[in-house]
Amino acid sequence: MALNRSDIILKYIVEYFIKHAQPVGSQTLIDEYKLNYSSATIRNEMVLLEKLGYLEKTHTSSGRVPSSKGYKYYCEHLRSGEVDESLKNSLQTVLTQKIQSIEEVIKESCEILSHMTNLVSVVMGPDEKSERLASIQLIPISETSITAVFVTDKGYVENKTFIVPNQMKVNEIVQCVQLLNDRLKGTPITELVDKMQSLKPLLSDYVISHDLIYQALLETFVRFAGDRLSLYGREELFSHPEFKNNSDKLLNVLKLLNDSSILKEIDGEMRHDNNGVALNIGDIEGNPDISMVTAKFKLGNEGESTIALLGPTRMDYDKAMSALEYLSNELAKYFDGQNKGGTSGGEA
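A brief structural summary.

Calculation notes
- Throughout, a residue's number is its position along its own chain's written sequence, starting from 1.
- Local features are withheld for residues below a pLDDT of 70 in this predicted model, meaning they are given only at 70 or higher, and side-chain atom pairs are given and counted only at 80 or more; totals for whole chains, interfaces and linings count all residues.
- The side-chain quantities take in all heavy atoms of the structure and omit both hydrogens and water.
- Here's how the labels work: a residue is buried when its accessible area is under 20% of the maximum for its type, exposed when over 50%, partly exposed in between, all with a 1.4 Å probe on protein chains only.
- In DSSP terms, a helix is any run of H or I states spanning at least four residues, a strand is any run of E spanning at least two, and both are numbered starting from the N terminus.
- Directions are taken from the helix axis to each C-beta atom, and the arc is the one they span.
- Residue count minus one, scaled by 1.5 Å, sets the expected span of a helix.
- The nonpolar core is taken to be a set of buried Ala, Val, Leu, Ile, Met, Phe, Trp, Tyr and Cys residues, with the residues joined through side-chain atoms within 4.5 Å.
- Throughout, a residue-residue contact means that at least one pair of heavy atoms, one from each residue, lies within 4.5 Å.
- Side-chain rings of Phe, Tyr and Trp (the six-membered ring for Trp) are treated as a pair once their centres are within 6.5 Å; stacked means planes under 30 degrees apart, edge-to-face means over 60, and tilted covers the remaining angles.
- Fitting a line to C-alpha atoms yields each axis, with helices limited to the stretch in contact; the angle taken between N-to-C directions then spans 0 to 180 degrees.
- Crossing handedness is defined as follows: a turn of the near helix away from the far one that is anticlockwise and smaller than a right angle gives a left-handed crossing, while the clockwise case is right-handed.
- Gly falls in the polar group here, along with every residue not listed as nonpolar (Ala, Val, Leu, Ile, Met, Phe, Trp, Tyr, Cys, Pro) or charged (Asp, Glu, Lys, Arg).
- When DSSP locates at least two bridges between a pair of strands, those strands are taken to pair.
- Throughout this description, the term salt bridge denotes a Lys or Arg side-chain nitrogen within 4 Å of a carboxyl oxygen of Asp or Glu.

1. As for helix H4 (residues 68–78)
And step 1. Listed in full, the buried residues belonging to H4 are Gly70, Tyr71, Tyr74, Cys75 and Leu78. An end-on view of H4 places all buried positions within 135° of arc, on one side of the element.

2. Overview of helix H6 (residues 102–117)
And step 1. For H6, which comprises 16 residues, the first-to-last C-alpha distance of 22 Å matches the rise-based estimate of 22 Å (1.5 Å per residue) to within 8%.
And step 2. Taken as a whole, H6 has its buried residues at Val105, Ile106, Ser109, Cys110, Ile112, Leu113, Ser114 and Thr117.

3. Section: the nonpolar core
Side chains of a nonpolar character, in soluble globular proteins, are inclined to be buried together.
And step 1. One finds Leu29, Leu113, Val293, Ile307, Tyr317 and Leu331 to be the most contacted residues of the largest nonpolar core, which totals 53 residues.
And step 2. Residue contributions to this core peak at 10 residues, all from helix H14 (residues 317–339).
And step 3. Residues within four places of Leu331 in sequence aside, it is in contact with Leu95, Val105, Ser109, Phe297, Lys298 and Ile307.
And step 4. Counting residues in each nonpolar core, the second largest holds 24 residues, with Phe150, Ile189, Val193 and Leu199 among its members.

4. A few points about unusual backbone geometry
And step 1. Of note, the phi angle at Ala21 is positive, near 60°, even though the residue is not glycine.
And step 2. Within the secondary structure, Ala21 is located in the loop between helix H1 (5–20) and helix H2 (26–33).
And step 3. Using a relative accessible area of 23% as the deciding quantity, one classes Ala21 as partly exposed.
And step 4. In this structure, Asn118 is a non-glycine residue whose phi angle is positive, near 60°.
And step 5. If you trace the backbone, Asn118 turns up in the loop between H6 and strand S3 (120–124).

5. Topic: the packing of aromatic side chains
And step 1. This model, assessed by the stated rule, comprises three aromatic pairs.
And step 2. Both rings, one in Tyr71 and one in Tyr317, keep their centres 5.1 Å apart while their planes meet at 50°; by these two values the pair is tilted. On the criterion of sequence distance, the pair formed by Tyr71 in helix H4 and Tyr317 in helix H14 is long-range, its members being 246 residues apart.

6. Let's talk about the environment of Ala323
And step 1. Residue placement: Ala323 occurs in helix H14.
And step 2. Spatially, the C-alpha atom of Ala323 lies 7.6 Å from that of Asp84, the residues being 239 residues apart in sequence.
And step 3. Setting aside anything within four residues of it in sequence, one finds Ala323 in contact with Leu87, Leu113 and Thr117.

7. Observations concerning the side chain of Glu242
And step 1. Note that Glu242 resides in helix H11 (residues 241–244).
And step 2. Here Glu242 falls in the buried class, since its relative accessible area comes to 18%.
And step 3. Glu242 has contacts with Lys249, Pro312 and Arg314, leaving out every residue within four places of it along the chain.

8. Some words on the packing of H2 against helix H3 (residues 39–51)
And step 1. One can describe the packing of H2 onto H3 by two numbers: an axis separation of 8 Å at closest approach and a directional angle of 120°. As for the relative orientation of H2 and H3, their crossing is right-handed in sense. Residues Ser26, Gln27, Leu29 and Ile30 of H2 touch H3, and the partners they reach there are Ser39, Ile42, Arg43 and Met46.
And step 2. Class assignment of the residues belonging to the contact of H2 with H3 gives a composition of four nonpolar, three polar and one charged.

9. Focus: the sheet that holds strand S8 (residues 277–280)
Note: strands within a sheet are paired through backbone hydrogen bonds, in either parallel or antiparallel orientation.
And step 1. The strand order across the open sheet built from five strands is S7-S3-S10-S9-S8, with neighbouring strands paired in antiparallel fashion. What marks the edges here is a single partner per strand, and that holds for strand S7 (229–232) and S8. For this sheet, the mean angle separating the axes of adjacent strands, direction not counted, is 20°.
And step 2. In the sheet, strand S9 (residues 290–298) pairs with strand S10 (residues 304–312) via nine bridges, with the strands oriented antiparallel. Bridge pairing links Thr294 to Ala308 in S10.
And step 3. Packing against the sheet, helix H13 (residues 260–269) makes contact with S3, S7, S8, S9 and S10, and its axis sits at approximately 75° to S9.

10. Points about the pattern of salt bridges
And step 1. Scanning the model with the defined rule gives 11 salt bridges in all.
And step 2. Measuring nitrogen to oxygen at the nearest pair gives 2.5 Å for the salt bridge that ties Glu242 to Arg314. In this pair, Glu242 sits in helix H11 while Arg314 sits in the loop between S10 and H14, placing the two residues 72 residues apart along the sequence.
And step 3. Note that Lys296 and Asp267 form a salt bridge whose closest N and O atoms lie 2.9 Å from each other. Of this pair, Lys296 sits in strand S9 while Asp267 sits in helix H13, placing them 29 residues apart in sequence.
And step 4. On the basis of relative accessible area, Lys296 is assigned to the partly exposed category, the value being 26%.

In structure tokens form, the structure reads like this:
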């Protein structure tokens, strides 16, 4: 559908401001986009868009910047929706590798996503309340170090590497872990910490005076029981002038990223469109400088996980939304294919 003059002007104002972080005036639009409208006509349209709440006038310039309402209208009606081909190719390189863990696929995909969008990627895993411990496995790293790998019935993995004390034999640790496997297998992960603590007296036969092992295992169970959240691309925040030149704004973002409960609460309140994507524009914990775009995906038949992109309100919503739509669809196909024993990924 052809855009009317007002829509064209709003679209270009949003896209120019996203690219340059500078208020936009009528002459800038004419010079940048070769518009066939007079400067006076564009100014009149900008005044009307401001009255309607789509634009805001800054105190330091005669130009305008998009408002939250303007960004939302742009996302719903004016963006192209095209996925960057280089993003597609990079993600398909990850998704066509045959031997990878769930964590590796998501990690590599989100690192690409952050790099391509200049935003922080946040992964919020499925609800851990229905998840149970499947096994604890030991992997010797060297004569003095060993890694314990913990796996749930939904494929989630945690690991803890620790140094074996000189006075302790590896077979003592093996016996300890075997006991834990026998007693803890099938336990809901939200109950692991309490059950582990109740087993401490029993473990003393194997870990006498070696609290290091007990504490290492307990620490891992605490992580298991906590909110599932992984962050990628924090360094991308420094590419945005809003955060690079304002330490208070940067600290607000970092504080938010360190609080998984707030991010999960925000995600739970967001409404997803028909493509499974949701927006929160400049209204995160009352902070007008931060926006978040999220998309849901399924790990096969398991619960839904969320991938979010978080950054300045001036983020490139078209690129972010299109990338998330594409990635969430491809991850769903990939994990569904893995569960069915097929090959991974879709076509680029």
